[in-house]
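# Summary of the model geometry
Chain residues, written in single-letter form:
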Amino acid sequence: MRDWLSLIGQTVKVFLLFMGCTLLFYYGILWITEEYESYHRYDEPKGNAIKVISMKEDESASWLERLLFFYRFGE
C-alpha cells in the first residue's frame, strides 16, 4: 500500500513539473510575440540608405529562360 502511495506521489510531482514547464514556455512565447508585434520591419530606413540591388530588365529573355531563372534562383 505504501508503494502505491509513493508511486502516485511521484506521478503527481512529475505532472506538476510538466505543467509548470509547459505554462512557463507558453507565457514566454506570448511575451515574445507581444514584444515583436510592435516592431515594424518594413518601415523606411533612417539616414543615408542606398539601394543595394537593382533588377536588370532583359527584354531579349524568352519566357522559358525566365521560368528557368525563377526555378533556379527563386526570384
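Note that residues are indexed from 1 along each chain, following the sequence as it is written. A pLDDT threshold of at least 70 governs which residues receive local features in this predicted model, and a stricter bar of 80 or more applies before side-chain atom pairs are shown or counted, although totals over entire chains, interfaces and linings include all residues. By convention in this description, side-chain values take in all heavy atoms of the structure and omit both hydrogens and water.

## Some points on the overall build of the chain
This is how the line gets drawn: Here a strand is any run of E in DSSP of at least two residues, a helix any run of H or I of at least four, and the numbering for each starts at the N terminus. Summary of the burial criterion: residues with accessible area below 20% of their type's maximum are buried, those above 50% are exposed, and those between are partly exposed, where the area comes from a 1.4 Å probe applied to protein chains only. Surface accessibility in these figures is a Shrake-Rupley result with a 1.4 Å probe; residues are shielded only by whichever protein chains are displayed.
Regarding its fold elements, the chain presents two helices and zero strands. The buried share of the chain, reckoned over its 75 residues, is 0%. Entry remark: accessible area of the chain is about 8,400 Å², with carbon and sulfur atoms responsible for 64%.

## As for the packing of aromatic side chains
We count it as follows: The aromatic pairing rule takes the rings of Phe, Tyr and Trp, using the six-membered ring of Trp, and pairs them if the centres are within 6.5 Å, calling planes under 30 degrees apart stacked, those over 60 edge-to-face and the rest tilted.
This structure, assessed with the given rule, holds three aromatic pairs. Residues Tyr26 and Tyr27 carry aromatic rings whose centres are separated by 5.2 Å and whose planes lie at 75° to one another, so their mutual orientation is edge-to-face. Ring geometry for Phe69 against Phe73: centres 4.8 Å apart, planes inclined by 50°, an arrangement best described as tilted. Taken together, the positions of Phe69 and Phe73, both in helix α2 (residues 63-73) and four residues apart, correspond to about one turn of that helix.

## Structural notes on the UniProt feature "transmembrane region" (unreviewed entry) in the chain
Inclusion rule: UniProt positions are given in the numbering used here, feature names are shortened, and annotations may be inferred rather than shown by experiment.
UniProt marks residues 12-32 with the feature "transmembrane region" (unreviewed entry), using the numbering shown here. As a span, residues 12-32 carries 100% helix and 0% strand, and end to end its C-alpha atoms are 30 Å apart.

## Quick word on a nonpolar patch on the surface
How we decide: Only residues whose relative accessible area exceeds 30% and that take part in no salt bridge are eligible for patches, with like-charged residues grouped when within 9 Å of each other and nonpolar side chains (Val, Leu, Ile, Met, Phe, Trp, Tyr) grouped when within 5 Å. Salt bridge, as used here: a side-chain nitrogen of Lys or Arg that lies within 4 Å of a carboxyl oxygen of Asp or Glu.
A cluster of nonpolar side chains, contributed by Ile8, Val12, Phe15, Leu16, Phe18 and Met19, occupies part of the molecular surface with about 610 Å² of accessible area. Position of Leu16 among the secondary structure elements: in helix α1 (residues 2-37). Note on Leu16: relative accessible area 55%, which makes it exposed.

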